[in-house]
There are 2 protein chains.
Amino acid sequence: MPGTPTRPKLSPTPRSTVTRYRDRAATDRSALDEVLDAGLICHIGVTLHGAPVVLPTVYGRSADTLYLHGSTGAGNLRAALTGDICVAVSLVDAIVYARAAMHFSMNYRSAVIHGRPVEVTDPEERLRALRVIVDHSAPGAWDTVRAPDKKELAATLVLALDLTEASVKIRAGDPSDDPADLNSDAWAGLLPVRQVFGTPIPAPDLVRPGAVPDHVTTRILTTR
Amino acid sequence: MPGTPTRPKLSPTPRSTVTRYRDRAATDRSALDEVLDAGLICHIGVTLHGAPVVLPTVYGRSADTLYLHGSTGAGNLRAALTGDICVAVSLVDAIVYARAAMHFSMNYRSAVIHGRPVEVTDPEERLRALRVIVDHSAPGAWDTVRAPDKKELAATLVLALDLTEASVKIRAGDPSDDPADLNSDAWAGLLPVRQVFGTPIPAPDLVRPGAVPDHVTTRILTTR
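The shown structure was predicted, so the numbers you read here are calculated from the model rather than taken from an experiment.

A.B. asks: Looking at this structure, how should I read the relation of the copies chain A and chain B?
C.D. replies: The operation linking the two copies of the chain is a rotation about an axis combined with a translation along the axis. Rotating chain A by 180° and moving it 0.0 Å along the rotation axis overlays it on chain B with an RMSD of 0.0 Å. Taken together, the rotation angle and the small translation identify this as a two-fold axis. Ranked by how close their C-alpha atoms come to the rotation axis, the residues of chain A are headed by A:Q195, at 2.2 Å.

A.B. asks: Looking at this model, I keep getting lost on the pattern of salt bridges. Mind explaining?
C.D. replies: Side chains that differ in charge, positive against negative, can pair when their charged atoms come close. All names here are of chain A. Enumeration over the complete set of coordinates arrives at 30 salt bridges over all chains. One salt bridge connects D37 with R61, and the closest N-O pair in it is separated by 2.9 Å. With D37 in helix α1 (residues 29-38) and R61 in strand β4 (residues 60-62), this residue pair connects regions lying 24 residues apart in the sequence. By relative accessible area, D37 is classed as partly exposed at 38%. For D177, the salt bridge is made with R99, and the minimal N-O distance between the two is 3.1 Å. Of this pair, D177 sits in the loop between β10 (166-171) and β11 (189-197) while R99 is found in the loop between β6 (85-97) and β7 (105-115), placing the two residues 78 residues apart along the sequence. A relative accessible area of 14% places D177 in the buried class.

A.B. asks: Would you take a moment to explain the interface of chain A and chain B for this structure?
C.D. replies: Note: interface size is frequently given as the accessible area lost on complex formation between the parts. Listed as interface residues are 88 residues of chain A and, on the opposing side, 88 residues of chain B. Of the roughly 7,000 Å² buried between chain A and chain B, counting both surfaces, carbon and sulfur atoms make up 66%. Counting the surface chain A buries against chain B, the share from its top three residues, A:P52, A:M102 and A:W187, is 11%. On inspection of chain A and its partner chain B, the count reaches 8 salt bridges. Notably, a salt bridge pairs B:D185 with A:R208, separated by 3.4 Å at the nearest N-O pair. Seen at the junction of chain A and chain B, the total is 25 residue pairs in polar contact (both at pLDDT 80 or more). Broken down by element, the side of chain A that touches chain B gets its largest block of residues, 9 residues, from β11(A). Residue classes in the side of chain A that touches chain B are distributed as 54 nonpolar, 20 polar and 14 charged. Pairing analysis gives 2 bridges linking β11(A) to strand β12 (residues 201-202) of chain B, with the strands arranged antiparallel. Residue pairing for β12(B): A:L190 is matched across the bridge by B:I201.

A.B. asks: Hey, could you run me through helix α3 (residues 123-137) of chain A in this one?
C.D. replies: In an α-helix, one turn spans 3.6 residues; hence positions three or four apart end up facing the same way. Here α3(A) contains 15 residues, and its C-alpha end-to-end distance of 22 Å stays within 8% of the 21 Å for a straight helix at 1.5 Å per residue. Within the sequence span of α3(A), burial applies to A:R126, A:A129, A:L130, A:V132, A:I133, A:V134, A:H136 and A:S137.

What counts, and at which threshold
- Residues numbered from 1 in each chain as written.
- Chains lettered and ligands numbered in written order.
- Predicted model: local features only at pLDDT ≥ 70, side-chain atom pairs only at ≥ 80, totals over all residues.
- Heavy atoms only, no water.
- Least-squares fit on C-alpha atoms with pLDDT ≥ 70 in both.
- Salt bridge = Lys/Arg side-chain N within 4 Å of Asp/Glu carboxyl O.
- Helix = DSSP H or I, 4+ residues; strand = E, 2+ residues; numbered from the N terminus.
- Buried < 20%, exposed > 50% of the residue type's maximum accessible area, 1.4 Å probe, protein only.
- Contact = heavy atoms within 4.5 Å.
- Buried area = accessible area lost by both parts, 1.4 Å probe.
- Polar contact = N/O pair within 3.5 Å; in protein donor to acceptor, adjacent residues only side chain to side chain.
- Nonpolar A, V, L, I, M, F, W, Y, C, P; charged D, E, K, R; others polar.
- Pairing = 2+ DSSP bridges.
- Expected span 1.5 Å × (residues − 1).

Here's what the structure looks like:
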């Protein structure tokens, strides 16, 4: 786009450089944005008492910052502030059937981010970060619901992770079989996998049951 | 079932005991089996050069053992043999819309396993483990395709992780709003999320195009 400043490429450090299947590495920052925007949850790796712990959780992205949140009482998330963490967002697009057992695979889009998160303490940025996280899970809902109150904010830990040290890996396309296996009778190809939204189920105690708002219904037709 | 030996409950150690939202913890071993059998990929947390790394990958389960595999050249998986790892399998079932921003949530089923994997070296168990992994991604396909040859086996690292130290966390049901928010006009409820299989796409160079086998077509009607 004319006038858009060039954003730095991904993979600036050895640990965020893809070494296996290098042809699957994407280096454009827009590829990172796309994977993060398409995912619903991430998996955070933290070190706790010397051993790795993996935490599935929601997140949100604003420009080149990933926001995470949790309870101030959650030791695992607190541990994320004491050292480097690793965040993965993985989308499965297809199961790849091949003619040989060792060539079965997945088509996927995968983002992995390394870095040391910082706690967000500025009241305005905290509120903005929480909105980014809710917007990610439920776009359009924030303005319709009660905002966080003081007590809720005091009980919430908000973390910001810079999206500088990141890698994106994508496998797409057909199975990669050995030439010698191509005359096999076995079926080979792709079984597509999609995440879809179903019919909304209103809470049983809604004041106005029956009226599902547009920001929810429009999602049913989309896949991510 | 009569005659079935009682399997030990989950959560035998502090780190595999759910501390946040304890009411969401499942303690039956069958709950672990169900989450692992329903997932397509797992996220492995390993420590590499002192920092956590999260790896998305396929897996398979046989009784109380989780099998993982990768290239012998993959440093990340090699690192998994030098210390404890953490494996997470997470299934998102719904986005939970609430009347207050801080009560938005996900309905999910989540399994987390801690432990030190061992390399599988016995030739028969290695082959069985690889079959378990392929069966997990593509049930029914193994017998139709070429089995791993010596060269492929030599290039493959197979790991076994005991499913003893594991926890399962499940959130299901309606939003949990504060009583004071229940008269809100905001829509609250569940937006179901499902992973579905699409129409199989045969490889362009199939010897017998058009014949999609039953073990593939039967999956299209299922969700996981």
